[in-house]
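Each chain, letter by letter, is given below.
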Amino acid sequence: MNWSRVISLALLTLVVVSCSSNKPRPDDNVLNDEAPEWVYNPNVDWDADDEPFTYWATGRARINFDLDLAEEKAFADGRADVGAFLETTIQRLLEAYIGEAGDQMNDASLSSLVNDQLYTRQVINASLSGVRTEAKWWDGEYYYVWLKYNANDEFFGNFANSLNERLKSNTRKLTAQSRDRMRDELERILRERNETMESINE
């Protein structure tokens, strides 16, 4: 018996098995044939009346050998999209609040909140846990996740409470009327964004 040949064949078998075991495999929740519409249009299910505070995002990551890692990276990519939206939204809500307050908002420390990256990051970090995966799909090269985020449930309370704490330190208080007006502004921002996405994907 040619033992060197036997050993070589055994080693080759191990390599093949190892490589194949690391390749991505579909599961019951993944369709790996035709791409679903949300891959290209995350707003495919947006309903302005039923879900006015919903933000949809699609995350993508290249697949190497580890499908689970690709899913994590795709989720992080979509989550970063949500975070970027929240960053600009915080600035717009603060600007709207300061503009409404007018002469009453004469404290430079409050006005500086618009450009306070630490404050913004704290609010975002406290709000991103609400990002939810609605669907997954991969095509052999990229892994995609479809994410849903309710900005009213997961973000607005954190934002309003953190702003109120800052106001208290300056002997002010966020009134119920101001809170309602900022929630209305949040809905307007989301509607504006979602309508823009709809027009792009028509």
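## Side note on the overall build of the chain
Along the chain, the regular secondary structure elements total six helices and three strands. The order of α-helices and β-strands along the chain, N terminus first, is α-β-α-α-α-β-β-α-α. Out of the 202 residues in the chain, the part that is buried amounts to 36%. When contacts within the chain are restricted to residue pairs at least 6 apart in sequence, those whose partners lie at least 24 apart make up 73%. Of the roughly 11,900 Å² that the chain leaves accessible, carbon and sulfur atoms contribute 48%.

## Regarding the sheet that holds strand β2 (residues 132-138)
The strand order across the open sheet formed by three strands is β1-β3-β2, and the pairing between neighbours is antiparallel. Strand pairing shows two members of the sheet lacking a second neighbour, β1 (54-62) and β2, which therefore form its edges. In this sheet, neighbouring strand axes are inclined to one another by 20° on average, regardless of whether the strands run parallel or antiparallel. Pairing between β2 and strand β3 (residues 142-150): six bridges, direction antiparallel. Along β3, the bridge assignment pairs W138 with Y143.

## Section: the nonpolar core
Within the largest apolar cluster, 40 residues are counted, with the highest numbers of intra-cluster contacts made by F155, F159 and L163. For this core, the secondary structure elements donating two or more residues are β1, α2 (67-101), α4 (117-127), β3, α5 (151-168) and α6 (176-200). Those residues in contact with L163 that lie beyond four places of it in its chain are L94, Y97, L113, Y119, L174 and M182. Within the second largest apolar cluster, nine residues are counted, among which are W38, V39, W46 and Y144.

## Notes on the pattern of salt bridges
As enumerated under the stated definition, the model contains eight salt bridges in all. Close ionic contact of R92 with E192 constitutes a salt bridge, the shortest N to O distance being 3.1 Å. Of this pair, R92 sits in helix α2 while E192 is found in helix α6, placing the two residues 100 residues apart along the sequence. Classification of R92 as partly exposed rests on a relative accessible area of 29%. Given the relative accessible area of 34%, E192 is considered partly exposed. Of the charged contacts, one joins E192 and R188 as a salt bridge, the two residues approaching to 3.3 Å between their closest N and O atoms.

## With respect to the packing of α5 against α6
Two measures define how a pair of helices packs: the angle their axes make with one another and the distance between the axes. Between α5 and α6, whose axes approach to 11 Å, the crossing angle comes to 140°. Between α5 and α6, the crossing angle belongs to the class labelled oblique. Here the hand of the crossing between α5 and α6 comes out right-handed. Facing α5, whose interface residues are A151, N152, F155, F156, G157, F159, A160, N161 and L163, α6 presents R179, M182, R183, L186 and L190.

## Description of the packing of aromatic side chains
The full count for this structure, using the stated rule, is seven aromatic pairs. Feature note: the residues W38, W56 and W146 constitute an aromatic cluster, connected by ring pairs. The cationic tip of R60 hangs over the ring face of Y142; the distance from NZ or CZ to the ring centre is 4.0 Å.

## Quick word on the side chain of T54
Mapped onto the secondary structure, T54 falls in strand β1. For T54, a relative accessible area of 2% translates into the label buried. Sequence-distant contacts of T54, defined by excluding residues within four places in its chain, comprise K148, Y149, L190 and N194.

## Re the side chain of N194
Looking at where N194 falls in the secondary structure, it is placed in helix α6. What makes N194 buried here is its relative accessible area of 0%.

## Considerations on the environment of R60
With respect to the helices, strands and loops of the structure, R60 is situated in strand β1. Residues R60 and Y143 lie 83 residues apart in sequence; the distance between their C-alpha atoms is 5.6 Å. Discounting chain neighbours no more than four positions away, the residues touching R60 are A74, D77, Y142, Y143 and Y144.

Quick notes on the rules
Residues numbered from 1 in each chain as written. Predicted model: local features only at pLDDT ≥ 70, side-chain atom pairs only at ≥ 80, totals over all residues. Heavy atoms only, no water. Helix = DSSP H or I, 4+ residues; strand = E, 2+ residues; numbered from the N terminus. Buried < 20%, exposed > 50% of the residue type's maximum accessible area, 1.4 Å probe, protein only. Contact = heavy atoms within 4.5 Å. Areas by Shrake-Rupley, 256 points an atom, 1.4 Å probe, with all protein chains shown as cover. Pairing = 2+ DSSP bridges. Axes fitted to C-alpha atoms, helices over the stretch in contact; angles between N-to-C directions. Core = buried A, V, L, I, M, F, W, Y, C linked by side-chain atoms within 4.5 Å. Salt bridge = Lys/Arg side-chain N within 4 Å of Asp/Glu carboxyl O. Parallel < 35°, antiparallel > 145°, perpendicular 65-115°, else oblique. Left-handed = near helix turned anticlockwise from the far one by under 90°. Phe/Tyr/Trp six-rings, centres within 6.5 Å; stacked < 30°, edge-to-face > 60°. Lys NZ or Arg CZ within 6 Å of the ring centre and 35° of its normal.

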